[in-house]
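The chain contents come next:
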Amino acid sequence: MTTAASEYAKLLTKFGAIEGTESGQMFGKSCIKVNGKAFLSLHKEWVIFKLTGEHHRKALGLEGAELWDPSGKGRPMREWVAVPAMAHTHFSVLAQASYEYVAAGAQRPKADQQRLELYPGNI
């Protein structure tokens, strides 16, 4: 039986071989980072992907997928999609899209960018 942990381990092996990637922690969960920024995580029986655009839409369309709410308090993170282990055949493509998105330097939300321009060094 495929588990999220076994699939995450495969992704850790694959992406761990790429320069600039490392394993770490995010909200107390295991994660994989590129240039210090998380792009994949493991939470319970889900692999979590940071996505945007078409990949985000397709990931949310997978059976059992949902926006990730690491606190469990009804505050999901808009770019993070939790995908259950049963959708493991999609993990490689989603992980690559997540890696590319974060490695390219995800754009700051417009409000944060405006604050940065007004108050440099405070974000």
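Residues numbered from 1 in each chain as written. Predicted model: local features only at pLDDT ≥ 70, side-chain atom pairs only at ≥ 80, totals over all residues. Heavy atoms only, no water.

What follows is about the packing of aromatic side chains. Inspection of every chain in the model, using the stated rule, returns 6 aromatic pairs. One aromatic cluster is present, built from ring pairs that chain together Phe15, Phe39 and Tyr99. (Phe/Tyr/Trp six-rings, centres within 6.5 Å; stacked < 30°, edge-to-face > 60°.)

A word on the pattern of salt bridges. Across all of its chains, the model carries 3 salt bridges by this definition. Salt-bridge contacts for Glu79 lead to Lys50; the nearest nitrogen and oxygen are separated by 3.7 Å. Residue Glu79 is located in strand 6 (residues 77-84), and its partner Lys50 is located in strand 4 (residues 46-50); the two are separated by 29 residues in the primary sequence. With a shortest N-O distance of 2.3 Å, Glu54 and Arg57 are connected by a salt bridge. Residue Glu54 and its partner Arg57 are both found in helix 2 (residues 53-60); the two are separated by 3 residues, about one turn of the helix. Exposure remark for Arg57: the relative accessible area of 51% places this residue in the exposed category. (Salt bridge = Lys/Arg side-chain N within 4 Å of Asp/Glu carboxyl O. Helix = DSSP H or I, 4+ residues; strand = E, 2+ residues; numbered from the N terminus. Buried < 20%, exposed > 50% of the residue type's maximum accessible area, 1.4 Å probe, protein only.)

With respect to topology, 6 strands assemble into an open sheet ordered 1-2-3-4-6-5, the strand pairing being antiparallel. The strands lining the two open edges of the sheet, one partner per strand, are strand 1 (21-26) and strand 5 (66-68). With strand direction ignored, the average angle separating the axes of adjacent strands in the sheet is 35 degrees. When strand 5 meets strand 6, the two strands line up antiparallel, connected through 3 bridges. Its bridge partner being in strand 6, Glu66 is matched across the sheet by Ala82. Across the sheet, helix 2 lies against strand 5 and strand 6, angled at about 45 degrees from strand 6, the strand it touches most. Its contacts with the sheet place helix 3 (residues 91-103) against strand 1, strand 2 (29-34), strand 3 (37-43), strand 4 and strand 6, and it is angled at close to 35 degrees to strand 4. (Pairing = 2+ DSSP bridges. Axes fitted to C-alpha atoms, helices over the stretch in contact; angles between N-to-C directions. Contact = heavy atoms within 4.5 Å.)

From the geometry alone we can't say anything about function, so treat these as descriptive.
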